[in-house]
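The residues making up each chain are set out below.
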Amino acid sequence: MGISARDFIERELAGRWIAGPTLKDAIERAGKIESAGMEPMINYLGEAFGSNDREKVKEAVRVYKELIALMAKSRIKGSIAVKPTQLGLLISYGLLERNYSEIVREAKKRGIFVWLDMEESRYVDDTIKLYKTRVKSRTTGICIQSYLRRSEKDIKALSRYNAVVRLVKGAYKPEPEAGFTSRAEVTKNYARLMRMLFEGYGKFTIATHDTKMINEAMKLEKRYKKDISFAMLNGIRNRYAESLASKGYKIFIYLPFGREWVSYSYRRLREAGNFMLLIRSVLSQNA
Ligand SMILES: Cc1cc2nc3c(=O)[nH]c(=O)nc-3n(C[C@H](O)[C@H](O)[C@H](O)COP(=O)(O)OP(=O)(O)OC[C@H]3O[C@@H](n4cnc5c(N)ncnc54)[C@H](O)[C@@H]3O)c2cc1C
């Protein structure tokens, strides 16, 4: 029996980063991540669902609730990661808030942590506003991007709420006035924000594959003794992640699943930066 072009790409390319199309794939791969001494951070693929896509939003909420139940049943210790536009932000903020609360409530019952992913810069205000509605539960965290100039202020403001932050460089293209344009500036700001987290936060996650930033965090950790964890994307530098886990560091692996893999894979392709880097990561998962 032949396979379709979509199936081929899904398996051969997107499959490097994504658990597979189904919930069963996600749970199976999550189990493997746990066996390697790390924790899965599971994301159901899909984003930017607009006013024509009410059914997709409903479906996303249903899948997340099923995922939470399955994680509990399979005793998977980990977290889930949701995107505001996937839960209805483009339809209305009210719908997003209802969906997010429902998911956080369900997850809390089963001891599962919920991360809010951060999307394009125009959604940052709503995402932070949403996060504040559930921050007291202590079972939620929010992603902050070092490519945005505003992030320094956001980190300062969120520290008053006892927030849990996951620091990333940023995967979208910020408007020029909102963000740093060169990689060097983005990385410099990452280092600055990381230091702010060590100084003002109790618990946070350093989400990067950048060895220099990870080494710097390890040095700071010795001095500040905070509850830190590292996080990487499934399929990128995972042997390195495993080696850190074997040294006793808490490691999360962001694990997407589902059929809406195009936008996610496009961002990973763009970040691979050059063709050889991509080929290396596809062939060895050890780049
Ligand atoms: C757990 C987690 C959650 C994230 N959540 C969000 C989010 O909610 N919002 C958001 O905007 N972004 C998110 N990101 C993506 C992030 O913003 C960056 O786009 C991505 O992590 C690449 O940046 P870097 O920090 O690894 O640094 P870079 O400087 O891009 O990369 C450092 C090194 O990592 C390796 N590398 C990085 N990417 C690739 C790749 N695709 N293929 C092969 N090698 C690679 C290379 O060796 C590279 O030199 C998340 C990232 C992680 C790890």
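Conventions and cut-offs
Residues numbered from 1 in each chain as written. Predicted model: local features only at pLDDT ≥ 70, side-chain atom pairs only at ≥ 80, totals over all residues. Heavy atoms only, no water. Helix = DSSP H or I, 4+ residues; strand = E, 2+ residues; numbered from the N terminus. Buried < 20%, exposed > 50% of the residue type's maximum accessible area, 1.4 Å probe, protein only. Polar contact = N/O pair within 3.5 Å; in protein donor to acceptor, adjacent residues only side chain to side chain. Contact = heavy atoms within 4.5 Å. Salt bridge = Lys/Arg side-chain N within 4 Å of Asp/Glu carboxyl O. Pairing = 2+ DSSP bridges. Right-handed = clockwise from strand over helix to strand, strands pointing away.

A. The arrangement of the side chain of glutamine 86 in detail. Among the secondary structure elements, glutamine 86 is positioned in the loop between β2 (79-82) and α4 (93-109). Overall, the relative accessible area of 0% leaves glutamine 86 in the buried class. A polar contact is formed between the side chain of glutamine 86 and the backbone oxygen of tyrosine 44, at a distance of 2.5 Å. Within polar-contact distance, the side chain of glutamine 86 engages the backbone oxygen of glycine 46 at 3.4 Å. Residues within four places of glutamine 86 in sequence aside, it is in contact with Asn43, Tyr44, Leu45, Gly46, Glu47, Ala48, Phe49, Val57, Ala60 and Tyr64.

B. Inspection of the pattern of salt bridges at higher detail. Scanning the entire structure with this criterion turns up 20 salt bridges. Several salt bridges share partner residues, and in doing so they unite Glu59, Arg62 and Glu66 into one network.

C. Local environment of the pairing of strand β6 (residues 203-207). Counting buried positions along β6 yields 4 of 5 residues, so the element is predominantly enclosed. Pairing between strand β5 (residues 165-168) and β6: 3 bridges, direction parallel. Across the sheet, leucine 167 pairs through a bridge with isoleucine 206, a residue of β6. For the crossover from β5 across helix α7 (residues 183-200) to β6, the handedness is right-handed. Looking at chain direction, β6 and strand β7 (residues 227-233) are connected through 5 bridges and run parallel. Paired with lysine 203 across the bridge in β7 is aspartate 227. Each parallel crossover has a hand, and for β6 linked through helix α8 (residues 211-224) to β7 it is right-handed.

D. Structural context of the pairing of strand β4 (residues 140-145). In terms of burial, β4 is largely enclosed, as 6 of its 6 residues are buried. Neither face of β4 is exposed, since Thr140, Ile142 and Ile144 on one face and Gly141, Cys143 and Gln145 on the opposite face are all buried. One ladder, built from 3 bridges, connects strand β3 (residues 113-116) with β4; its direction is parallel. Counterpart to leucine 116 in the pairing with β4 is isoleucine 142. This β-α-β element, β3 to helix α5 (residues 124-134) to β4, shows right-handed connectivity. Pairing geometry for β4 and β5, over 4 bridges, is parallel. Residue pairing for β5: isoleucine 144 is matched across the bridge by leucine 167.

E. Inspection of unusual backbone geometry at higher detail. Positioned with a positive phi, alanine 48 is a non-glycine residue whose angle comes to about 55°. Along the chain, alanine 48 falls in the loop between β1 (39-44) and α3 (54-73). For alanine 48, a relative accessible area of 46% corresponds to the partly exposed category. A positive phi is found at asparagine 162, a non-glycine position, where the angle reads about 60°. Tracing the backbone shows asparagine 162 in the loop between α6 (151-159) and β5.

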